[in-house]
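In case you want the letters, here they are:
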Amino acid sequence: MNQRSTVDDAASDGAGPVPSLLDAVQRAFSTRFGAPPAWIVRAPGRVNLIGEHTDYNGGFVLPMAIERAAWIALRARDDGQVIVHSLDFAAEVRFDVSHPERGGAAWGEYIKGSASVLGSAGHQLTGWEGVLASDVPIGAGLSSSAAIELATLRAFAAVSALAWQPASMARLAQRAENEWVGVNCGIMDQMISAMGSEGHAVLIDCRSLDVAPVPLPAGLVVVILDTGTRRGLVDSAYNERRRQCEDAASFFGVRALRDVTPEAFAARADALDPVAMRRARHVITENARTLAAADAMRHADALALGQLMNASHDSLRADFEVSSVALDVMVEIARAQAGCHGARMTGAGFGGCAVALVDGSQGARFAREVGATYRHRTSTTPQVYLTGASEGTAIVPSTDW
Ligand code: GLA
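This section reports on the structure supplied with the text. (Residues numbered from 1 in each chain as written. Predicted model: local features only at pLDDT ≥ 70, side-chain atom pairs only at ≥ 80, totals over all residues. Heavy atoms only, no water.)

### Some points on the nonpolar core
For soluble globular proteins, the rule of thumb is that nonpolar side chains tend to be buried together. In this structure, L62, W128 and L142 are the most contacted members of the largest nonpolar core, which totals 75 residues. It is helix α4 (residues 144-160) that provides the largest number of residues to this core, a total of nine residues. Judged by nonpolar contacts, the second largest core, of 44 residues, contains V223, Y238, V384 and L386. (Core = buried A, V, L, I, M, F, W, Y, C linked by side-chain atoms within 4.5 Å. Buried < 20%, exposed > 50% of the residue type's maximum accessible area, 1.4 Å probe, protein only. Helix = DSSP H or I, 4+ residues; strand = E, 2+ residues; numbered from the N terminus.)

### Considering the pattern of salt bridges
In total, this model carries 21 salt bridges according to the counting rule given. Among the ionic pairs, R278 bridges to E321, the shortest N-O distance being 2.9 Å. One end of the pair, R278, is in helix α9 (residues 274-298); the other, E321, is in the loop between α10 (302-318) and α11 (325-335), with 43 residues separating them in the sequence. Judged by relative accessible area, which is 33%, E321 ranks as partly exposed. Among the charged side chains, a salt-bridge network with shared partners connects R75, R77, D79 and E129. (Salt bridge = Lys/Arg side-chain N within 4 Å of Asp/Glu carboxyl O.)

### Some remarks on the packing of aromatic side chains
Tallied over the full model, the rule gives six aromatic pairs. An angle of 45° between the planes, with centres 4.6 Å apart, marks the rings of F29 and F33 as tilted. Here the residue F29 and the residue F33 both occupy positions in helix α2 (residues 21-33), the gap between them amounting to four residues, near one helical turn. Among the residues examined, F33 registers a relative accessible area of 19% and is labelled buried. An aromatic cluster of three or more residues is present, and its members are F251, F252 and F265. (Phe/Tyr/Trp six-rings, centres within 6.5 Å; stacked < 30°, edge-to-face > 60°.)

### Structural notes on the site of the ligand
Taken together, the residues surrounding the ligand are R46, E52, H53, D55, Y56, C185, G186, M188, D189, Y238, G347 and A348. Take G186: an N or O atom from its main chain is 2.9 Å from an oxygen atom of the ligand. In this structure, an oxygen atom belonging to the ligand sits 2.6 Å away from a side-chain N or O atom of Y238. Contact with the protein chains removes 93% of the 300 Å² of surface that the ligand exposes when unbound. Residue classes in the shell around the ligand are distributed as five nonpolar, three polar and four charged. (Near = heavy atom within 4 Å. Polar contact = N/O pair within 3.5 Å; in protein donor to acceptor, adjacent residues only side chain to side chain. Areas by Shrake-Rupley, 256 points an atom, 1.4 Å probe, with all protein chains shown as cover. Nonpolar A, V, L, I, M, F, W, Y, C, P; charged D, E, K, R; others polar.)

### Focus: the sheet that holds strand β8 (residues 211-215)
Two orientations exist for strands paired in a sheet by backbone hydrogen bonds: parallel and antiparallel. What the three strands build is an open sheet, ordered β2-β7-β8; its pairing is antiparallel. The sheet is open, and its two edges are formed by β2 (60-61) and β8, each paired on a single side. Note that strand β7 (residues 200-205) and β8 share five bridges and pair antiparallel. The residue bridging H200 from the neighbouring strand is P215, located in β8. Docked against the sheet, helix α6 (residues 188-195) engages β2, β7 and β8, running at close to 135° with respect to β7. (Pairing = 2+ DSSP bridges. Contact = heavy atoms within 4.5 Å. Axes fitted to C-alpha atoms, helices over the stretch in contact; angles between N-to-C directions.)

### Quick notes on the side chain of S312
Inspection of the secondary structure assignment puts S312 in helix α10. Since its relative accessible area comes to 0%, S312 is described here as buried. For S312, the residues in contact, after removing those within four places along its chain, are I50, H282, E286, R289 and R344.

Here it is in structure tokens:
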């Protein structure tokens, strides 16, 4: 298993072949602990094709797991200690599995938070020692934290002989994020990291957690366009959007905006205050676009899918107000390229990444052109990744290493 495609390497910064993180964690484990690991686990980051700010409204999302992922090589310990060395930070986190305590580097908090929620859910946990490495960029909106949480949960499930139920584990990972780390996210990132499907996006009903893999149409490539901008205010703006959506749902007398039909919305929209009206309009139309996008993918209709992605961006910009100048510029540049069917911001917004749907034959040229034009217009060098859809969180078969 290779964690990055060759097109990805060709499209990024031309730095040459990327060493496999699988090899890296395996070798580092053996050097550090003097024996090969008992398991290697992998949990991917994600990019969302469409269905933004719908998950916490009980709605639909259509993300895919990407080739970038967090990897842990590990073996059990019999003294209840958890010791994890991060290759990315050249640092270690160490705690008692039954008494994780808050405090320390963010990457370690995802590990402790995951241990804590497993313990609170009543699982008997075994300690372990391991080496962690990830190539999901941090803070870019590609779910680097969900990848570490799911890799950690997979590691605990392996050493503690827990049944691996991806949706339950995704819920636990979300709890770790909500309750331990203190980020009030929805369920999308953890679900897709847990349940990704090679070659497929996954339509997720964020209320029932029903999932339907939808094949990526042949001949198309998904391109992630990192604006290089990071915004510090994401948390408060995110929480404010959540509150506005909840207020709009109670105005309509329903549990969540998922339950408001376009007709019910149209009948009473005028009575809402203008901001709540625009927030609700985004969520209600985005849910419809997401279902339509899954249908378009099933019919390999790239034109329709691209148009839905474009409409999603416009709604996020004008109605939900979570885009940014950098994201708008990136999307505009992407859409102007030959072979681009559609482009939109992806993730929470305010910075981070856009995603584009591009003819496979044009992918490398698209990446070069967008990179050069964005650099010219903003004086910032973007990261551009062509990515396939990868498998969700799993133990790497020992035949692969
Ligand atoms: C972040 C959150 C997700 C989701 C998106 C917006 O990625 O973690 O739960 O709400 O923003 O769609």
